[in-house]
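Results of the structural survey
Given next are the chains, with one letter for each unit.
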Amino acid sequence: MSGETTSVRFNQPAAPAPVVEQQAPPAPEANGQQPGVPVEPAAPIPAAVPVRTEQPVQETNVTLGRGLDVGTANLLAATQDANGEIVVRRERNAFLEIPATFAGNMDMLTRLNVPYVAHRDKLYVLGDASFDLANMFGHEVRRPMQDGFLSPVEQDAIPMIRFIVERLLGQPKAAGEPVYFCIPAPSIDKDNDTVYHEGIVSSIIKKLGYTPHPMNEAHAIVYSELSEHDFTGIGVSCGGGMFNVCVAYKTIPAVTFSVARGGDWIDSSVSKVMGIPRTRATAIKEGDVNLMEPRNREEEAVVLYYRNLIQYVLTNLKQRFLLARDVPQFTDPVEVVVAGGTSLVGGFVEVFAEELSKIDFPLQIAGVRRGEDAIASVVRGCLIAAALSES
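A brief structural summary. (Residues numbered from 1 in each chain as written. Predicted model: local features only at pLDDT ≥ 70, side-chain atom pairs only at ≥ 80, totals over all residues. Heavy atoms only, no water.)

1. Side note on the packing of helix 3 (residues 157-169) against helix 4 (residues 194-207)
Packing of helix 3 against helix 4 brings their axes to within 10 Å, and their N-to-C directions diverge by 45°. One way to sum up the angle between helix 3 and helix 4 is to call them oblique. Remark: the crossing between helix 3 and helix 4 carries right-handed chirality. Along the contact surface, helix 3 presents Ile158, Ile161, Arg162 and Val165, while helix 4 presents Tyr196, Ile200 and Ile204. Grouping the amino acids of the contact of helix 3 with helix 4 by side-chain chemistry returns six nonpolar, no polar and one charged. (Axes fitted to C-alpha atoms, helices over the stretch in contact; angles between N-to-C directions. Helix = DSSP H or I, 4+ residues; strand = E, 2+ residues; numbered from the N terminus. Parallel < 35°, antiparallel > 145°, perpendicular 65-115°, else oblique. Left-handed = near helix turned anticlockwise from the far one by under 90°. Contact = heavy atoms within 4.5 Å. Nonpolar A, V, L, I, M, F, W, Y, C, P; charged D, E, K, R; others polar.)

2. Details of the pairing of strand 17 (residues 334-339)
Of all six residues making up strand 17, six are buried, and the element is well covered by its neighbours. Residues Val334, Val336 and Val338 of strand 17 are buried on one face, and the alternating residues Glu335, Val337 and Ala339, pointing to the opposite face, are buried as well. Judged from the four bridges that link them, strand 14 (residues 233-238) and strand 17 form a sheet pairing that is parallel. Its bridge partner being in strand 17, Gly235 is matched across the sheet by Val337. Bridge count between strand 17 and strand 18 (residues 365-370): five bridges; the pairing is parallel. What sits directly across from Glu335, in strand 18, is Gly367. Chirality of the crossover, the property in question, places the unit of strand 17, helix 9 (residues 348-358) and strand 18 among those that are right-handed. (Buried < 20%, exposed > 50% of the residue type's maximum accessible area, 1.4 Å probe, protein only. Pairing = 2+ DSSP bridges. Right-handed = clockwise from strand over helix to strand, strands pointing away.)

3. Overview of the packing of aromatic side chains
For any pair of aromatic rings, the description consists of the separation of the ring centres together with the inter-plane angle of the planes. Counting across every chain of the model gives eight aromatic pairs. With 5.8 Å between their ring centres and 45° between their planes, Tyr223 and Phe231 make a pair best called tilted. Members of the aromatic cluster, joined through ring pairs, are Tyr249, Phe321, Phe330 and Phe361. In this structure, Lys250 is placed above the aromatic ring of Tyr249, and the distance from its NZ or CZ to the ring centre is 5.5 Å. The ring of Trp265 carries Arg261 above its face, with NZ or CZ at 5.0 Å from the centroid. (Phe/Tyr/Trp six-rings, centres within 6.5 Å; stacked < 30°, edge-to-face > 60°. Lys NZ or Arg CZ within 6 Å of the ring centre and 35° of its normal.)

4. Thoughts on the layout of surface pockets
As a volume, the largest pocket reaches approximately 890 Å³. Listing elements by their share of the lining of the largest pocket, those giving two or more residues are strand 4 (66-70), strand 5 (74-80), strand 6 (86-92), strand 10 (145-146), strand 14, helix 6 (263-274) and helix 7 (278-285). Among the elements that line the lining of the largest pocket, the one with the most residues is helix 7, at four residues. (1 Å grid on protein atoms, 1.4 Å probe; cavity = no way out; pocket = protein on both sides within 12 Å on 5 of 7 lines; lining within 4 Å. Points joined across faces, edges and corners; volume = space filled by probe spheres on them.)

5. Let's talk about unusual backbone geometry
Despite not being glycine, Phe231 shows a phi value in the positive range, around 55°. Turning to its location among the elements, Phe231 is positioned in the loop between helix 5 (217-225) and strand 14. A positive phi angle, near 80°, is found at Thr251, a position not held by glycine. Structurally, Thr251 is set in the loop between strand 15 (243-249) and strand 16 (252-259).

6. Here's the deal with the pairing of strand 13 (residues 210-216)
In this sheet, strand 13 lies alongside strand 12 (residues 177-183) in parallel orientation, the contact comprising seven bridges. Across the sheet, the residue bridging to Ile183 is Asn216, located in strand 13. Tracing the backbone out of strand 12, into helix 4 and back to the parallel element strand 13 gives a crossover that is right-handed.

7. Quick word on the sheet that holds strand 9 (residues 122-126)
An order of 7-9-8 is seen for the three strands of this open sheet, with the pairing classed as antiparallel. Two strands lie at the open edges of the sheet, namely strand 7 (95-97) and strand 8 (116-119), each paired on one side alone. In this sheet, adjacent strand axes meet at a mean angle of 30° when their direction is disregarded. Across four bridges, strand 8 lies against strand 9 in antiparallel orientation. Of the residues in strand 9, the one forming a bridge with Val117 is Tyr124. Helix-sheet contacts for helix 3 involve strand 7, strand 8 and strand 9, and the interaxial angle to strand 8 is about 140°.

8. Topic: the environment of Val349
Along the chain, Val349 falls in helix 9. We classify Val349 as buried; its relative accessible area is 0%. Counting along the chain gives eleven residues from Val349 to Val338, while the straight-line C-alpha distance between them is 8.0 Å. With near-sequence residues (within four places) excluded, Val349 lies in contact with Thr5, Thr6, Ser7, Val8, Val338, Val368 and Arg370.

9. Notes on the pattern of salt bridges
Applying the stated criterion across every chain, the model contains 22 salt bridges. Residues Arg380 and Glu225 are paired through a salt bridge, measuring 2.9 Å at the closest nitrogen-oxygen approach. One end of the pair, Arg380, is in helix 10 (residues 377-390); the other, Glu225, is in helix 5, with 155 residues separating them in the sequence. Relative accessible area serves as the criterion here: at 2%, Arg380 is assigned to the buried category. The exposure class assigned to Glu225 is buried, which follows from its relative accessible area of 0%. (Salt bridge = Lys/Arg side-chain N within 4 Å of Asp/Glu carboxyl O.)

10. Focus: the nonpolar core
The nonpolar side chains of a soluble globular protein tend to be buried with one another. Core analysis: the largest hydrophobic core is formed by 46 residues, its most contacted members being Ile234, Val236, Phe348, Phe352, Leu356 and Phe361. Examining the composition of this core, we find that eleven residues originate from one element, helix 8 (residues 297-323), more than from any other. If near-sequence neighbours (up to four positions away) are discounted, Phe348 is found in contact with Cys238, Phe243, Leu291, Tyr306, Ile310, Val338, Thr342, Ser343 and Arg370. Met160, Ile164, Leu169 and Ile200 belong to the second-largest nonpolar core, a separate cluster that totals 26 residues. (Core = buried A, V, L, I, M, F, W, Y, C linked by side-chain atoms within 4.5 Å.)

11. Some details on the environment of Cys182
Relative to the assigned elements, Cys182 resides in strand 12. Linking Cys182 and Cys382, residues 200 residues apart in sequence, is a C-alpha distance of 6.9 Å. When residues no more than four places from it in sequence are discounted, the contact partners of Cys182 are Leu68, Asp69, Val70, Met215, Glu217, Val378 and Cys382.

Written out as structure tokens, the structure is:
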């Protein structure tokens, strides 16, 4: 994904038009990323600064306590090793049933290191490999979750989630090791059953030998990204199934809500208006798109739906904040941190800041930035909560 600007600062004390931080262009960097806009570092992670991303394997030397991000598009697990380094493992939350002609080819899948499971006399490819195969053969992947919750129309949702979670977490280091996992806030625009979703995920974690602890996913962003601001500010989790928002004051959530729109809604909308497969729309959105500089009709459609979604979230944020009771007095301008896979598209921070400056938000805003590791921000916050519970 493309995206050079990860931080937009607002003028103080008011918050009119956002100002994008820039500096004299240095020489191009070796990785090909366009220079010229400094990246504001995210708030440090308590007790562990380095973050390492790996494929699912069983670790041998980690401290107790784990984080788990159960997202519509991705599942992530985080642990902290003996050197204080956070290890994040990710898998796409999707699966694909292998056609009958390939059903006897387990040896090939094993040699190619493709994750799969046998369930009810069928073979299922899990995670990123399922997405790659679906694109290759023109099929659609199946999704265990929809709009941030377990899919009510997918009969294999629970076993597939269980297989992927077990692959990511592995076995506990000690009986009852705590796992803090994220759950969405109740949606303001859809009647979602948070009780059932939380109960099923808790049951899966408990059966693996862990002790489950639910945590609001946008609140987890506050833990992972706003420690330098006394855990005060606004966290926005931009997921595949929904956007979650948390306004927090010194770790305490003041306003939390979610909307049942996210990256999947963009994919579905672009697919319909462009007449292309949904997997193709996903590949376009996750490719080299910049919301500030669309290059063709398909990218223009992506920009249109991204901007509409951001407007929708911010309008509801303002309304929910104004209607909330017993909201603390925020004496200083607050930081807004966006994270999640849907925030990774180029130009997202600029568009978010532009739309925020238009709505006359009742709090003074210091700036908008993307989390240092936007994909892992929620799971890191869950891990921090788990580590604090053990300290």
